[in-house]
Amino acid sequence: DADCLLVLFRSGAAVHLYCGRRYGKQGFRLRLPGAAAHVRAGHQCWGAILEDGRLFTWGSDAGTAQLGREGGVLPTEVPIGRVADMGWSHLHYAAALTVDGRLHLWGGRGSMPPMCIDYGVRFCRLGVSGMHVMAIEANGVDAFGWGSFGDTVFRCRRFSAVDGPVQDVVANSF
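So, how was this worked out
- One numbering rule holds for all chains: residues counted from 1, following each sequence as written.
- Totals for whole chains, interfaces and linings use every residue, but because this is a predicted model, local features are given only for residues with pLDDT of at least 70 and side-chain atom pairs only at 80 or more, for both listing and counting.
- To obtain the side-chain values, all non-hydrogen atoms of the structure were included, while hydrogens and water were left out.
- Note: two strands are recorded as paired if DSSP finds a minimum of 2 bridges between them.
- Labels follow the DSSP assignment, with helices taken as runs of H or I lasting at least four residues and strands as runs of E lasting at least two, numbered in each case from the N terminus.
- Only protein chains enter the accessibility calculation, which uses a 1.4 Å probe; a residue whose area is less than 20% of its type maximum is buried, one above 50% is exposed, and one in between is partly exposed.
- We call two residues contacting when some pair of their heavy atoms lies within 4.5 Å.
- Any N or O atom pair separated by 3.5 Å or less is treated as a polar contact, with the protein-specific requirement of one donor-capable and one acceptor-capable atom, and with residues adjacent in sequence counted only for side-chain atom pairs.
- The rule is short: rings of Phe, Tyr and Trp, with Trp giving its six-membered ring, pair when the centres are within 6.5 Å, and they are stacked under 30 degrees, edge-to-face over 60, tilted in between.

Participant: Which parts of the structure should I look at to understand the pairing of strand β13 (residues 132–137)?
Facilitator: Working note: regular strand, side chains alternate between the two faces of the sheet. The pairing of strand β12 (residues 123–128) with β13 spans five bridges and is classified as antiparallel. From the neighbouring strand, Val128 faces β13, where its bridge partner is Val133. Taking the residues between adjacent antiparallel strands as the criterion, β12 and β13 are bridged by three residues. For β13 and strand β14 (residues 142–147), the ladder comprises five bridges, and the chain directions are antiparallel. Note on β14: the bridge partner recorded for Ala135 is Phe144. In this antiparallel pair of consecutive strands, β13 and β14, the connection spans four residues, and Gly140 shows a positive phi of 75 degrees.

Participant: Before we go on, may I ask you to explain the environment of Leu74 in this structure?
Facilitator: Within the secondary structure layout, Leu74 lies in the loop between β6 (55–59) and β7 (76–78). Exposure remark for Leu74: the relative accessible area of 57% places this residue in the exposed category. With 42 residues separating them in the primary sequence, Leu74 and Leu32 have C-alpha atoms 9.5 Å apart. Dropping the residues within four chain positions of it, Leu74 is found in contact with Thr57, Trp58 and Arg69.

Participant: What is the right way to read the environment of Arg158 from this model?
Facilitator: Within the secondary structure, Arg158 is located in strand β15 (residues 155–160). The spatial distance from the C-alpha of Arg158 to the C-alpha of Trp146 is 8.9 Å, given a sequence separation of twelve residues. With near-sequence residues (within four places) excluded, Arg158 lies in contact with Glu137, Asp142, Ala143 and Phe144.

Participant: Where do I start with the side chain of Thr98 in this structure?
Facilitator: Within the secondary structure layout, Thr98 lies in strand β9 (residues 93–98). There is a polar contact of 2.4 Å between the side chain of Thr98 and the side chain of Asp100.

Participant: It is not clear to me how the environment of Asp142 should be interpreted in this structure. Could you clarify?
Facilitator: Take Asp142: it is sitting in strand β14. Considered as a pair, Asp142 and Arg158 are 16 residues apart in the sequence and their alpha carbons are 7.0 Å apart.

Participant: Would you explain the packing of aromatic side chains in this entry?
Facilitator: Note on aromatic pairs: each is described by the distance of the centres and the angle between the planes. Taken as a whole, this structure holds two aromatic pairs when the rule is applied. Ring centres of Tyr119 and Phe144 lie 5.5 Å apart, and the angle between their planes is 10 degrees; on these two criteria the pair is classed as stacked. Of this pair, Tyr119 sits in the loop between β11 (112–117) and β12 while Phe144 sits in strand β14, placing them 25 residues apart in sequence. Residue Tyr119 is classed as partly exposed on the basis of its relative accessible area, which comes to 43%. Residue classification places Phe144 among the buried residues on the basis of a relative accessible area of 3%. Measuring from centroid to centroid gives 5.5 Å for Phe123 and Phe144, while their planes differ by 90 degrees, and the two rings are edge-to-face. Remark: Phe144 occurs in strand β14 and Phe123 occurs in strand β12; sequence separation between them is 21 residues. Exposure remark for Phe123: the relative accessible area of 4% places this residue in the buried category. The structure contains a cluster of three or more aromatic residues connected by ring pairs, namely Tyr119, Phe123 and Phe144.

Read these as layout, nothing more, since geometry by itself doesn't imply function.
Structure (structure tokens):
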């Protein structure tokens with residue numbers, strides 16, 4: 001593995017990927033089909049959320065379970081709608097929150113394709129850590145978490161607000 005740095009410049013039209021051991025200090029430029037608003041990094045895979053909300057992922061063959069589509073090293077769209085945020089966990093899962101509050105999960109050891117998580121609620125914030133995904137219900141009453149929670153099964157858990165509405169969620173990927 002090489003430590004990589006993904007740089008998004010203000011123009012948004014291209015991202016630069018610098019991977020120390022594999023690509024040298026110069027790095028290389030990836031063209032995207034539109035201007036990128038945000039970039040994200042996973043394990044041997046990367047993503048860009050374009051200004052129009054489309055999500056593009058790319059990565060090595062080892063990261064194809066995390067791409068949300070058939071594998072490939074070139075940026076390709078994940079067809080889940082307009083995306084507000086996304087992230088990857090160290091368990092090779094990925095999560096994306098669409099602008100209309102739908103949460104999509106994919107990846108893992110079984111290479112699960114993107115699936116919309118529907119509990120009859122919409123979500124407003126997303127946090128992805130090394131082993132968990134957290135999303136806050138749009139009305140702020142509850143937070144939902146997916147992860148191992150001490151066992152080996154990636155499952156859902158609901159966290160009810162005990163001290164008032166949930167305002168934010170922060171995830172640590174270490």
